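Breakdown of the fold
Okay, here's what each chain looks like letter by letter:
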Amino acid sequence: MNSAHRRFEALDSLRGVCAILVVMFHMPVASHWRDWGLIQHSYLFVDYFFVLSGFVIAHAYAQRLKTPKDAGRFMVRRLGRVWPLHVLMLLAYIGLELVRLWTHFDSVTPFTRDRSVEAIFSNLFLIQAYNIHPSLTWNGPSWTLSVEVGCYMVFALLLLATPKMWRWIGAVLAVIGAVIVLTQAKRYMNTTYDFAFPRAVYGFFLGSLLQGVWTQIPRLKGHAATALEIGTVVGVCAFIGYATGPVTVLVTLLFVASVWVFAGEDGALSRLLDTKPLVTLGRWSFAIYMVHMFVLVVTIIIARKLDWMPARRIDFGSVWLNDLFGVALFGLIVALAILAHRFVEAPAQRMIDRWTKPKAA
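Residues numbered from 1 in each chain as written. Predicted model: local features only at pLDDT ≥ 70, side-chain atom pairs only at ≥ 80, totals over all residues. Heavy atoms only, no water.

Points about the overall build of the protein chain
From N to C terminus, the protein chain includes 13 helices and zero strands. On C-alpha atoms alone, the protein chain measures out to a radius of gyration of 21 Å, which is about the 21 Å that the 2.2 N^0.38 rule sets for 361 residues. Dimensions of the protein chain, computed from C-alpha atoms along their principal axes, come out at roughly 60 × 45 × 40 Å. Taking all 361 residues of the protein chain together, the buried fraction comes to 52%. Of the contacts made within the protein chain by residues no fewer than 6 positions apart, 75% connect residues no fewer than 24 positions apart. If you sum the accessible surface of the protein chain, you get close to 17,200 Å²; carbon and sulfur atoms cover 68% of it. (Helix = DSSP H or I, 4+ residues; strand = E, 2+ residues; numbered from the N terminus. Rg over C-alpha atoms; globule rule 2.2 N^0.38 Å. Buried < 20%, exposed > 50% of the residue type's maximum accessible area, 1.4 Å probe, protein only. Contact = heavy atoms within 4.5 Å. Areas by Shrake-Rupley, 256 points an atom, 1.4 Å probe, with all protein chains shown as cover.)

Considering the packing of helix 4 (residues 68-103) against helix 12 (residues 276-305)
One way to put it is that helix 4 packs onto helix 12 with a least axis distance of 9 Å and a crossing angle of 10 degrees. With respect to helix 12, the element helix 4 is oriented roughly parallel. For the pair formed by helix 4 and helix 12, the contact residues are Arg 81, Val 82, Leu 85, His 86, Met 89, Ala 92, Tyr 93, Leu 96 and Arg 100 on the first element and Phe 286, Ala 287, Met 290, Val 291, Met 293, Phe 294, Val 297 and Ile 301 on the second. (Axes fitted to C-alpha atoms, helices over the stretch in contact; angles between N-to-C directions. Parallel < 35°, antiparallel > 145°, perpendicular 65-115°, else oblique.)

Points about the packing of aromatic side chains
Going through the model one piece at a time under the given rule, you end up with 21 aromatic pairs. Ring geometry for Phe 50 and Trp 143: centres 6.0 Å apart, planes at 65 degrees, overall edge-to-face. Residue Phe 50 is located in helix 3 (residues 46-61), and its partner Trp 143 is located in helix 6 (residues 143-161); the two are separated by 93 residues in the primary sequence. Plain terms: the ring middles of Phe 74 and Tyr 152 are 6.0 Å apart, the flat faces sit at 75 degrees to each other, and that makes the pair edge-to-face. Note that Phe 74 is positioned in helix 4 and Tyr 152 in helix 6, a separation of 78 residues in sequence. You can call Phe 74 buried: its relative accessible area is 1%. By way of ring pairs, the aromatic residues Tyr 61, Phe 74, Tyr 152, Phe 155, Trp 166, Phe 204 and Phe 205 are connected into one cluster. (Phe/Tyr/Trp six-rings, centres within 6.5 Å; stacked < 30°, edge-to-face > 60°.)

Focus: unusual backbone geometry
The phi angle of most residues is negative, glycine excepted, and most peptide bonds adopt the trans form. Although it is not a glycine, Leu 126 sits at a positive phi angle of roughly 55 degrees. Given a relative accessible area of 5%, Leu 126 falls into the buried group.

Here we look at the nonpolar core
In this structure, Leu 11, Tyr 48, Phe 74 and Phe 155 are the most contacted members of the largest nonpolar core, which totals 106 residues. Among the elements that take part in this core, helix 12 stands out by supplying 13 residues, more than any other. Excluding residues within four positions of it along the chain, Tyr 48 makes contact with Leu 11, Leu 14, Arg 15, Cys 18, Phe 255 and Val 259. (Core = buried A, V, L, I, M, F, W, Y, C linked by side-chain atoms within 4.5 Å.)

Comments concerning the side chain of Asn 190
By secondary structure assignment, the location of Asn 190 is in the loop between helix 7 (166-184) and helix 8 (196-213). Residues in contact with Asn 190, not counting those within four places in the same chain, are Tyr 43 and Arg 199.

Concerning a nonpolar patch on the surface
Residues Val 117, Phe 121, Phe 125, Ile 127 and Ile 132 make up a contiguous nonpolar surface patch of about 510 Å² in total accessible area. Residue placement: Phe 125 occurs in the loop between helix 5 (117-124) and helix 6. Under the relative-accessibility criterion, Phe 125 is labelled exposed at 64%. (Patch = residues over 30% accessible without salt bridge, like charges linked within 9 Å, V, L, I, M, F, W, Y side chains within 5 Å. Salt bridge = Lys/Arg side-chain N within 4 Å of Asp/Glu carboxyl O.)

With respect to helix 6
Across its 19 residues, helix 6 extends 27 Å between first and last C-alpha, which sits within 8% of the 27 Å expected from 1.5 Å per residue. Judged by how many residues are buried, helix 6 sits mostly within the fold: 14 of 19 residues are covered. (Expected span 1.5 Å × (residues − 1).)

Details of the environment of Val 56
As for its position among the elements, Val 56 is in helix 3. When the C-alpha atoms of Val 56 and Arg 7 are compared, they prove to be 8.4 Å apart, with 49 residues separating the residues in sequence.

Describing the environment of Leu 339
You can see Leu 339 is positioned in helix 13 (residues 319-356). Taking C-alpha positions, Leu 339 is 9.8 Å from Trp 284, a pair spaced 55 residues apart along the chain.

So, the pattern of salt bridges
This model, assessed by the stated rule, comprises 12 salt bridges. For the salt bridge of Asp 35 with Arg 313, the shortest nitrogen-to-oxygen distance reads 3.1 Å. Here the residue Asp 35 occupies a position in the loop between helix 1 (9-26) and helix 2 (37-40), and Arg 313 occupies one in the loop between helix 12 and helix 13, the gap between them amounting to 278 residues. With its nearest N and O atoms 2.5 Å apart, the salt bridge here joins Arg 100 to Glu 97. In this pair, Arg 100 and Glu 97 are both assigned in helix 4, three residues apart and thus about one turn of the helix distant. Its relative accessible area of 1% is what places Glu 97 among the buried residues. Residues joined in a network through salt bridges with shared partners are Glu 97, Arg 100, Asp 106, Asp 114 and Arg 115.

By themselves, these observations are geometric and do not establish any function.
Okay, structure coming up:
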C-alpha cells in the first residue's frame, strides 16, 4: 500500500472526470449544460490536477531523490511525460497558422497576438505562463504544464537542499502562493498566464504535504467510507457550482480533502472509479486535456464559415440538437486523444523511461 510504485487508480479516474468537466467548460455550444454553475466554474477542476500531482509525485519520489543525478533523472522523466504531446499540439497550431497564411481562409492575421512567433519559443521552453505574455498563447491549456514543470523543479531542489524539512517548507510556499493569488490575481483562482505559478504551488505542495501524513490519518471503512465519498463529491460540486471571487481560493483545500478521501479506495464510489472504463479514461485524461482546445478552435472556424454561430456559441436553433452536436464533438475529441496517447504520449514515455532507467551496478 505504501509502495512508491502504487498507482492510485480512483484518483486517476477522478482526473479523467475533471478533464471532461474542463472540456465542457471550454465547449462553445449552446447546450443544456452550458449555463449550469458547475460547468461555468469548471476551470477550478484544474486545481485538482495540481493537488493530485503533488500527492503522487511525493509518493513516488520523496524517498528516491538523494543526489543531483537523481534530480536530473527525475526532471527528464517528468518532462518526458508532458513535453512530447505539448510539442505535437503546438505543431498542430503552427500548421493551422501556416494554412491561414497560405490560403487566407479567414480574416484573422496569421502569427499575431496569442499566436505570435516569439510565443512559439516560450511555449517550447514551457515558460509561457510566467507573466511574460499578456494572455494565454497557442494551445491555451498548456499553461498548466508550464507551471507544473516549475513545481517539479522546486520539489527537486527542496528535497536536495532540505531533505528533512522540505514538506513544511513546501507548505509555507503553498500558503504564500494562496496569499499571492488572493491579493494579486484580478480573477483569483481563474488566473492563468499571470499568477499561474503561485496557484500551482499552492495546490502542488499541499498535495505533497498531504502525502506525508495521509497514512497516519484514520480513515472510515465500509458504508461510512461510501457516505464520506458521496458527501465529498456533493460538497465539491456544490462549492464549484456557486463559488466566485475570493472564496474560490478555498477549492484547493476541498481537493486536498478529496484526495485524502479517495486515496484509500475504501468506499463504493472508489470501487466504481476503479472499474476499467473509468481507469482508462484517467489514462487518456492528459491527452484529452491537451487535444481538446485545438479541436474546439477548428470547430469554431468551421462554424463561423457555415453560419452556425449567430452569437458567441454554436447554435442550431434547437437546444437538443445542440446537445447532440456537443456530444459528437466530445466524441471526436476523445477519439483524437486516444490516437495522440497511443502514438505519441505512451511511446515517448516508454522511450524516456528506458533512457533514464538506472543502470544495474
